[in-house]
Amino acid sequence: GAAAAEATAAEAAASSISPLAAAAAPLTGLSQIFVVESPISGALILGAIGWYSPGCAAHAALGATVGAATGAALGAPAAEISSGLWSFNPALTSLAASVFFVHSAPTVALSVAGAAATAALFGGLKIALASAFGVPALTLPFCAVAAVAHLLPQSVPALILAAAPHSPERNSSA
């Protein structure tokens, strides 16, 4: 029934993206943070983030990749995935996790789960905001998920906010 049709739609969307476009999508997503659609610009941005902090760059790349994969799993159009629209918000969410939390396995899990949640929220908001108000979602999915993530240490003791947020290499709880 309906589940089979949704699975077929997701497979069709994911299979219509070329392997090169799929590989470039996370980098293009990083460039979309600055409203640019270029995997080369995305690679340069990732390099600049890596110059500041290799850990922040790893989180940003991970988030962008999770976002593209989530878009494909949800059946997003290949053009939206390859243009980076499903990657920039998740990259920002993962980058925020790397900056505001002490580096740990739970922080990496938050980075991945936050990126997936951000992409899913983007999928819903892009339709809802466009149809209701004629506006794009912009960074609202990132802002919403990052705000909720910042509240998580109150109920998830393994997530520790950094005393002086900086980067995974320098964040500590003291």
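Above this text you will find the structure in question.
Each chain has its residues counted from 1, running along the sequence as written. Only residues with pLDDT of at least 70 are given local features in this predicted model, and only at 80 or more are side-chain atom pairs given and counted; all residues enter the totals for whole chains, interfaces and linings. Values reported for side chains reflect all heavy atoms of the structure, with hydrogen atoms and water molecules removed beforehand.

A. Geometry of the overall build of the protein chain. Secondary structure counts use DSSP, requiring at least four H or I residues in a row for a helix and at least two E residues in a row for a strand, with both numbered from the N terminus. A count of helices and strands for the protein chain gives eight helices and zero strands. Helices and strands in the protein chain line up, N terminus first, as α-α-α-α-α-α-α-α. A compact globule built from 174 residues would reach a C-alpha radius of gyration of about 16 Å, and the protein chain, at 16 Å, matches this within 12%. Evaluated residue by residue, the protein chain yields a buried proportion of 42% over its 174 residues. Whether two residues are in contact is decided by their heavy atoms: any pair within 4.5 Å suffices. Here the analysis covers contacts within the protein chain between residues at least 6 apart in sequence; of these, 66% occur between residues at least 24 apart. Per-residue and other accessible areas follow the Shrake-Rupley method at a 1.4 Å probe size, with only the shown protein chains counted as cover for residues. By element, 74% of the accessible surface of the protein chain is carried by carbon and sulfur atoms, the whole surface being about 8500 Å². The globule rule used here is 2.2 Å times the number of residues to the 0.38 power, and the radius of gyration it is set against is calculated over C-alpha atoms. Burial classification: accessible surface area is computed with a 1.4 Å probe over protein chains only, and a residue below 20% of its type maximum counts as buried, one above 50% as exposed, and the rest as partly exposed.

B. Geometry of the nonpolar core. Membership of the largest hydrophobic core comes to 13 residues, with the highest contact counts inside it found for Ile81, Trp86 and Ala137. For this core, the elements supplying multiple residues, two or more each, are α4 (54–73), α5 (78–82) and α7 (105–133). The dominant element in this core, judged by the number of residues it contributes, is α7, at four residues. Each residue touching Trp86, except ones within four places of it in the same chain, is listed here: Gly67, Ala68, Gly71, Leu74, Ala76, Glu80, Ile81, Ala119, Phe122, Gly123 and Lys126. Counting ten residues, the second-largest nonpolar core is a separate cluster that includes Leu46, Ala60, Ala91 and Val99. Put simply, a nonpolar core is a bunch of buried Ala, Val, Leu, Ile, Met, Phe, Trp, Tyr and Cys residues held in one set by side-chain atoms that sit within 4.5 Å of each other.

C. Structural detail: the layout of surface pockets. Estimates place the volume of the largest pocket at around 220 Å³. In this structure, the largest pocket is lined by 13 residues; those nearest its centre are Gln32, Leu85, Phe88, Pro136 and Leu138. For the lining of the largest pocket, the secondary-structure elements that each account for two or more residues are α6 (88–100) and α7. We call Asp, Glu, Lys and Arg charged. Ala, Val, Leu, Ile, Met, Phe, Trp, Tyr, Cys and Pro are nonpolar, and the rest, Gly among them, are polar. Each residue belonging to the lining of the largest pocket can be placed in one class, and the counts come to nine nonpolar, two polar and two charged. Think of a 1 Å grid over just the protein atoms. A cavity is a set of points where a 1.4 Å probe fits yet cannot get out, a pocket is an open set with protein on both sides within 12 Å along at least five of seven lines, and lining residues have an atom within 4 Å of a point. Grid points are joined across faces, edges and corners, and a volume is the space filled by probe spheres set on the points.

D. Quick look at α6. To estimate how far a helix should extend, the number of its residues minus one is multiplied by 1.5 Å. Between its first and last C-alpha, α6 extends 18 Å over 13 residues, near the 18 Å set by a 1.5 Å rise per residue. With eleven of 13 residues buried, α6 lies mostly within the body of the structure. Buried residues in α6 make contact with α2 (19–32), α4, α7 and α8 (140–151).

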